[in-house]
Amino acid sequence: MTKAAIIGGTGIYDLGSQIRNQPISTPFGQVEVTVMTVKDSSKEIVFLARHGTEHSTPPHQVNYRANLWALHHLGVTHVFATNAVGSLNPKYKPGELVIFTDFIDFTKNRPSTFYDGAEGVIHTSMADPYCKELRRIIAEQAPRHGITLAGEAVYVGTEGPRFETAAEIRMYRQLSADVVGMTGIPEVVLAKELGLCYAGVGIITNWATGIAHDHRLDEIMEAVDRNKADLTNLFCHIINTIDLDQNNCHCNQACMKM
Ligand SMILES: [Zn+2]
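Numbering of residues starts from 1 in every chain and runs along the sequence as written. Thresholds applied to this predicted model are a pLDDT of at least 70 for local features of residues and 80 or more for the giving and counting of side-chain atom pairs; totals over whole chains, interfaces and linings are not thresholded and use all residues. As a rule here, side-chain values cover all heavy atoms of the structure and leave hydrogens and water aside.

### What to know about the overall build of the protein
Just so we agree on the cut-off: In this description a helix means any DSSP run of H or I spanning at least four residues, a strand means any run of E spanning at least two, and both kinds are numbered starting from the N terminus. As defined in this context, the radius of gyration uses C-alpha atoms, and a globule is described by 2.2 Å times the residue total to the power 0.38. Any two residues having at least one pair of non-hydrogen atoms within 4.5 Å are treated as being in contact. Method for areas: the Shrake-Rupley scheme with a 1.4 Å probe, in which residue coverage is limited to the protein chains shown. Here the positive residues are Lys and Arg and the negative ones are Asp and Glu; neither His nor the chain ends is included. Think of each charge as sitting on NZ of Lys, CZ of Arg, CG of Asp or CD of Glu.
Assigned secondary structure in the protein consists of 5 helices and 11 strands. At 17 Å, the protein has a C-alpha radius of gyration in line with the 18 Å of a compact globule built from 258 residues. Projected onto its principal axes, the C-alpha positions of the protein cover 50 × 45 × 35 Å. Of all intrachain contacts in the protein linking residues separated by at least 6 positions in sequence, the fraction that spans at least 24 positions is 82%. If you sum the accessible surface of the protein, you get close to 12100 Å²; carbon and sulfur atoms cover 50% of it. Of note, the protein has its 22 positive side-chain charges centred 3 Å away from the centre of its 28 negative side-chain charges.

### What to know about the coordination of the zinc ion
For clarity, the threshold we go by: Each metal's donors are the N, O and S atoms found within 2.8 Å of it, except that Na, K and Ca use a 3.2 Å limit; water is left out, so coordination can look incomplete. For a four-donor site, all angles between 85 and 135 degrees give tetrahedral; for four or six donors, opposite pairs above 155 degrees with the remaining angles between 65 and 115 give square planar or octahedral; all remaining cases count as irregular. Buried residues are those whose accessible area, probed at 1.4 Å on protein chains only, stays under 20% of the maximum for their type, while exposed residues exceed 50% and partly exposed ones sit between those limits.
For the zinc ion, the protein coordination sphere consists of Cys131 (SG), Cys197 (SG), Cys249 (SG) and Cys251 (SG), at 2.2 to 2.3 Å. Relative to the metal, the 4 donor atoms surrounding the zinc ion lie at angles of 97 to 114 degrees, and the coordination shape comes out tetrahedral. In primary sequence terms, the donor set of the zinc ion follows C-x65-C-x51-C-x1-C. Taken as a pair, Cys197 in strand β10 (residues 197-207) and Cys251 in the loop between α5 (217-241) and β11 (255-257) lie far apart in primary sequence, 54 residues in all. The same class applies to Cys197 as to Cys251, namely buried.

Structure follows, in structure tokens:
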């Protein structure tokens, strides 16, 4: 069974064998995923291109419910996500990577729950939106794969597709956010509603509006491309080595029926 998925903003890196594309019908629409068998293993990994296989769907129109429902339908229990983000925190620079620990939601017009009332009133705990255990494993394994995580970050999700104003960024900074992006929410929320372990790594591609620092764009883009490939390798390694049937966390107990 397919138990692990990688969600990314861009294409799939060719790391394994027996790659197949699989369309999945969901109550929210059609999704296409790529399923790959890990090298030297019988484990399968699902790759999901968040913006669609043609990278044509803008962040505010991504069908987050269909994407997560499709993964759940395939039997996925562990999700590794990457998101392009801008940095609000001078400590975290473009080209670097951060691991998300929490989020602040400033999205506006997105369907953000599977629980619209048909199942009764269900509230989902956001005490640990990003799986503590996966975060621990990623932080532990990254250096062994030559990957430097600059640190932990609070993610602020905005609606997009416009960028933020300088005043908004100043406000987010005061609210303790470190990085800003348009694609992380409600993805993490929906994962939690389905009881999945979900971890997110931010790939910093730019400074947020109004935060002026000198930087070389070509160097940043080079680092971003390298990070994407390195992270995919890291996630595949983790999926290959951890026991996906064993959970040392409470992600699958986050939903509470009232
Ligand atoms: Zn978990």
